[in-house]
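# Geometric and topological summary
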Amino acid sequence: MPKQAIVKKEKQEITEAPKLAISASDIEIPRLNVVQKSSQIDGAFGAVVLDRTNTVLEPEQSANVTIISAVKAWRENVPYESEEIGRIATTEEQKAAIDADSEWGTIEFADIVMLIPKPEGGSDTAFPYPIGDEMFALGKINVNKNGYRNTYKRLATFAAFNPTASLSTRLWSFKTELITKGKYAWYVPSLTITSEEAAADVTAFVTRITS
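A brief structural summary. (Residues numbered from 1 in each chain as written. Predicted model: local features only at pLDDT ≥ 70, side-chain atom pairs only at ≥ 80, totals over all residues. Heavy atoms only, no water.)

### Quick look at the overall build of the chain
- Summing up its helical and strand segments, the chain has four helices and ten strands in all.
- Moving toward the C terminus, one meets the helices and strands of the chain in the order β-β-β-β-β-α-β-β-β-α-α-β-β-α.
- Within the chain, buried positions represent 34% of all 211 residues.
- For the chain, the proportion of contacts with a sequence separation of at least 24, taken over those separated by at least 6, is 60%.
- Surface summary for the chain: the accessible area is close to 14,000 Å², and the carbon and sulfur share equals 50%. (Helix = DSSP H or I, 4+ residues; strand = E, 2+ residues; numbered from the N terminus. Buried < 20%, exposed > 50% of the residue type's maximum accessible area, 1.4 Å probe, protein only. Contact = heavy atoms within 4.5 Å. Areas by Shrake-Rupley, 256 points an atom, 1.4 Å probe, with all protein chains shown as cover.)

Put into structure tokens, the structure is as follows:
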């Protein structure tokens, strides 16, 4: 009877920890709100507050932010005092269908996701995410009307003139602006392109979660 070959079992070692394939849709992104006079949010009138808790931008303050994404849609323009919930359209066809049978029509809005760098003296709680040598807050802001024109349309204009460039390659100055109309006054968000480029570590992070 032939001898059976003896197979020596080698110890298997994990040389690298398993990694998750993470995309932007996997990340929990808290809301950014601009505090208005009627807001039930702790914060100064005109401040930007993250998750209704932490102020990340004071009324007269600006920050050079990195844009991660900007998504446009339409909302049925239901009056504020109405109890009805406005329908949402994400395509031109859906928008046309709502416009066809709505007494209020639709308005444009956008969700803009951004990274806000921690300023000197900023709260560790509000800016918990390390990228390179800086700490950041991650947030999503919903904009419409004047806020839409001052943010999304400026992003879209940049994209139209720079079709091969990512929005995240440049820093954008983010702040709130006061608008007055008669006896009414309110703050809206604003984005303005700067001449500064985002740090390589930040650009790499955005590329990794959006590609």
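### Remarks on the pairing of strand E3 (residues 54-57)
- Pairing of strand E2 (residues 48-50) with E3, which is carried by three bridges, proceeds in the antiparallel orientation. Across the sheet, residue Val49 finds its bridge partner in E3, namely Thr55.
- Hairpin remark: E2 followed by E3, antiparallel, with three residues in the connecting loop; positive phi at Asp51, about 60°. (Pairing = 2+ DSSP bridges.)

### Here's the deal with the pattern of salt bridges
- Taken as a whole, this structure holds six salt bridges when the rule is applied.
- The salt bridge involving Lys72 is made with Glu108; its shortest N-O contact spans 3.3 Å. With Lys72 in strand E4 (residues 63-76) and Glu108 in strand E6 (residues 106-117), this residue pair connects regions lying 36 residues apart in the sequence.
- When its relative accessible area of 29% is taken as the criterion, Glu108 is described as partly exposed.
- Lys95 is paired through a salt bridge with Asp99; the nearest N and O atoms lie 2.7 Å apart. With Lys95 and Asp99 both in helix H1 (residues 92-101), this residue pair falls four residues apart, about one helical turn.
- Residue class for Asp99 comes out partly exposed when judged on its relative accessible area of 28%.
- Several salt bridges share partner residues, and in doing so they unite Glu76, Arg87 and Asp101 into one network. (Salt bridge = Lys/Arg side-chain N within 4 Å of Asp/Glu carboxyl O.)

### Thoughts on the packing of aromatic side chains
- Applying the stated criterion across every chain, the model contains three aromatic pairs.
- A centroid spacing of 4.9 Å and a plane angle of 85° characterise the contact between Phe45 and Tyr187, whose relative ring orientation is edge-to-face. Placement of the pair is Phe45 in the loop between strand E1 (31-34) and E2 and Tyr187 in strand E10 (residues 184-197), with a sequence separation of 142 residues.
- Phe45 gets classed as partly exposed once you look at its relative accessible area, which sits at 26%. (Phe/Tyr/Trp six-rings, centres within 6.5 Å; stacked < 30°, edge-to-face > 60°.)

### Comments concerning the environment of Pro79
- Mapped onto the elements of the fold, Pro79 is located in the loop between E4 and strand E5 (88-89).
- Sequence separation of Pro79 and Trp104 is 25 residues, and the distance between their C-alpha atoms is 8.0 Å.

### Here we look at the environment of Glu60
- With respect to the helices and strands, Glu60 occurs in the loop between E3 and E4.
- Separated by 13 residues in sequence, Glu60 and Ala47 place their C-alpha atoms 8.1 Å apart.

### So, the nonpolar core
- Core analysis: the biggest nonpolar cluster contains 27 residues, and Val56, Val65, Ile67, Ile112, Met114, Ile116 and Phe174 have the highest contact counts within it.
- A total of four residues in this core trace back to one element, the largest contributor, which is E6.
- Not counting residues up to four positions away in its chain, the partners in contact with Met114 are Leu32, Val65, Thr66, Ile67, Ile68, Ala137, Leu138, Gly139, Ile141 and Phe174.
- The next biggest cluster of nonpolar side chains, apart from the first, holds ten residues, and it includes Val113, Phe136, Val202 and Val206. (Core = buried A, V, L, I, M, F, W, Y, C linked by side-chain atoms within 4.5 Å.)

### A few points about the side chain of Ser173
- Here Ser173 is to be found in strand E9 (residues 170-181).
- Apart from residues no more than four positions distant in its own chain, Ser173 is found in contact with Ser62, Ala63, Asn64, Ser190, Leu191, Thr192 and Thr194.

### Some remarks on unusual backbone geometry
- Despite not being glycine, Asp51 shows a phi value in the positive range, around 60°.
- As for its position among the elements, Asp51 is in the loop between E2 and E3.
- Although it is not a glycine, Lys145 sits at a positive phi angle of roughly 50°.
- If you trace the backbone, Lys145 turns up in helix H2 (residues 145-150).

Purely geometric stuff here, so don't read any function into it on its own.
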